[in-house]
Amino acid sequence: DLNARQSTLERSFLLQGIELQNAGQLDQAQGVFQLYLTHFPGDGIALYSLAVLLMGRHGPERALFLVERGVQSAPTFAPIWYAHAAGLQVRVRRDAARVSYDKAIELKPDYTEALINSGTLLRETLQHLPALERFNRALAINPDNQNALSNCAVMLTEVKSPLEAI
């Protein structure tokens, strides 16, 4: 019973950090996540949340260290793989980014952000058919996804099918 109460308190502390982050109170959220991680250094949610916060404030350099820790300690948490891929993509490590996007999608097949970002990465490397397949998978999940629709239009324009793009 004591362990259950302790676990609930620990999770509520983590949730407080997420609420602070969502409210735009980034300094306070960062402090909560850092303190939480001193006690639970492998918590995927805390690593991901702090990495997203740091990526937005300081760029991918500091955040990439956290997500690399996260993919080791929480390898079944799809968002940590997504953040890892995004950090690698910014650093122009495309092959490694693609592997991490693929892992995020493997863990969460309906992860539209990972489908779209990996499709964009594939499009940038002129792998048009696999890119279009990713965008279409995202559209199968959400037919109104503007990001996926605009990427399909760009792709069709790039491969010289402007009438289909319209």
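Calculation notes
- Residues numbered from 1 in each chain as written.
- Predicted model: local features only at pLDDT ≥ 70, side-chain atom pairs only at ≥ 80, totals over all residues.
- Heavy atoms only, no water.
- Axes fitted to C-alpha atoms, helices over the stretch in contact; angles between N-to-C directions.
- Helix = DSSP H or I, 4+ residues; strand = E, 2+ residues; numbered from the N terminus.
- Parallel < 35°, antiparallel > 145°, perpendicular 65-115°, else oblique.
- Left-handed = near helix turned anticlockwise from the far one by under 90°.
- Contact = heavy atoms within 4.5 Å.
- Nonpolar A, V, L, I, M, F, W, Y, C, P; charged D, E, K, R; others polar.
- Buried < 20%, exposed > 50% of the residue type's maximum accessible area, 1.4 Å probe, protein only.
- Phe/Tyr/Trp six-rings, centres within 6.5 Å; stacked < 30°, edge-to-face > 60°.

A. The arrangement of the packing of helix α5 (residues 78-90) against helix α6 (residues 94-107) in detail. Two elements in contact, α5 and α6, have axes whose closest approach is 8 Å; the angle formed by their N-to-C orientations is 160 degrees. As the angle between them shows, α5 and α6 are arranged roughly antiparallel. Regarding α5 and α6, the two cross each other, and that crossing is left-handed. Side by side, α5 and α6 meet where Ala78, Trp81, Tyr82, His84, Ala85, Ala86, Leu88 and Gln89 of the first sit next to Ala96, Ala97, Ser100, Tyr101, Lys103, Ala104 and Leu107 of the second. Here the contact of α5 with α6 is built from residues that sort into eleven nonpolar, three polar and one charged.

B. Quick look at the environment of Pro41. Looking at where Pro41 falls in the secondary structure, it is placed in the loop between α2 (26-39) and α3 (44-58). Residue Pro41 is classed as partly exposed on the basis of its relative accessible area of 46%. With 62 residues separating them along the chain, Pro41 and Lys103 place their C-alpha atoms 22 Å apart. Each residue touching Pro41, except ones within four places of it in the same chain, is listed here: Leu47 and Arg69.

C. Focus on the packing of aromatic side chains. Within this structure, the stated rule accounts for four aromatic pairs. When the centroid spacing of 6.1 Å and the interplanar angle of 85 degrees are considered together, the rings of Tyr48 and Phe77 count as edge-to-face. Residue Tyr48 is located in helix α3, and its partner Phe77 is located in the loop between α4 (60-73) and α5; the two are separated by 29 residues in the primary sequence. Judged by its relative accessible area of 23%, Phe77 is partly exposed.

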